[in-house]
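# Observations on the model geometry
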Amino acid sequence: AALPRWGLGLFTTVLATYFSSAGRPSLLAFLWRQVPEARRGDVRAGLLHIRTAALGWLRAQGLLTLLTFSLLLAGLFALGVESPLLPAAVTALTDALPVLGAGLVLVPWSVLTVLSGDLTMGLGLLGLWGLVMTARSLLEPKLVGLHAGLPPLAALLAMYVGFHTLGVAGMVLTPLALMLTKALHDAGLLHLWQD
């Protein structure tokens, strides 16, 4: 029943993306005309800060995914999994999902392995999941803080508060909102605290 709604949403998104891309120069020119001449320098600086912070956040997520992939590849190789490259890559990509992460692949895989009679492999997969979760939990606030310009404690608190207020989506959206707020403050467009 939800498939037609999902399909319509996807079609609308693709169409909107195409029209936005095709009309980008005229859209940007229109938006710049709405900004007063005296504020254009501030807006340019703000956009530059936002772009730098967003690229930093993407870099941090890329590093976390690469680290997860490396841990998974080494762990699966140590467990004797044949051709561990593809399972490690797929699991590393699912690890980008907050809360579920690598457990989305490793936990069912572990359960199926135990049910098929290989207890050692099943426990090894659970241990690997625990290792990946611990490494990501310890490094994510530090890397997001370092590359997105947030102090690690602020990034960790943003993830924690975001999870408790908005759930899984809040773990991603709250640090991004804090990063955006800090970028606008650094550009001088917002004055929320004293430097």
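Summary of the structure given here. (Residues numbered from 1 in each chain as written. Predicted model: local features only at pLDDT ≥ 70, side-chain atom pairs only at ≥ 80, totals over all residues. Heavy atoms only, no water.)

## Focus: the overall build of the protein chain
Counted only if it meets this: The secondary structure listing takes helices from DSSP runs of H or I that are at least 4 residues long and strands from runs of E that are at least 2 residues long, numbered from the N terminus. For each residue, the accessible area found with a 1.4 Å probe, counting protein chains only, is set against the maximum for its type, and the residue is called buried under 20%, exposed over 50%, and partly exposed in between. It only takes one pair of heavy atoms within 4.5 Å for two residues to be counted as in contact. Every accessible area reported is derived by Shrake-Rupley at a probe size of 1.4 Å, with residue values counting cover from the shown protein chains alone.
A count of helical and extended segments in the protein chain gives eight helices and zero strands. For the protein chain, the succession of helices and strands along the chain, N to C, is α-α-α-α-α-α-α-α. A buried classification covers 26% of the 195 residues belonging to the protein chain. Here the analysis covers contacts within the protein chain between residues at least 6 apart in sequence; of these, 51% occur between residues at least 24 apart. Accessible surface, the protein chain as shown: approximately 12,400 Å² in total, 73% of it carbon and sulfur.

## Re the side chain of Asp95
Looking at the element boundaries, Asp95 is found in the loop between helix H4 (85-94) and helix H5 (103-115). Judged by relative accessible area, Asp95 falls into the buried class, the value being 6%. Filtering out sequence-adjacent residues up to four positions away, Asp95 remains in contact with Thr68, Gly101, Ala102, Val132 and Arg136.

## Observations regarding H4
Quick reminder of the rule: To obtain the arc, one takes the directions from the helix axis to the C-beta atoms.
For H4, the complete set of buried residues consists of Ala88, Thr91, Ala92 and Thr94. End-on, the buried residues of H4 take up no more than an arc of 160°, which puts them together on one face. In H4, the exposed positions angled more than 90 degrees off the buried face are occupied by Leu85, Leu86 and Leu93. As for H4, its buried residues are in contact with helix H3 (40-78) and H5.

## Remarks on H5
Test applied: Expected helix span is computed as 1.5 Å times (number of residues minus one).
For H5, with 13 residues, the first-to-last C-alpha span of 17 Å sits near the 18 Å given by 1.5 Å per residue. For H5, the full list of buried residues reads Gly103, Leu106, Ser110 and Thr113. Angular distribution of buried residues about the axis of H5 spans 115°; they occupy a single face of the element. Pointing more than 90 degrees away from the buried face of H5 are the exposed residues Leu112 and Leu115. Downstream of H5 by a residue or two, Gly117 has a phi angle that is positive, lying close to 105°.

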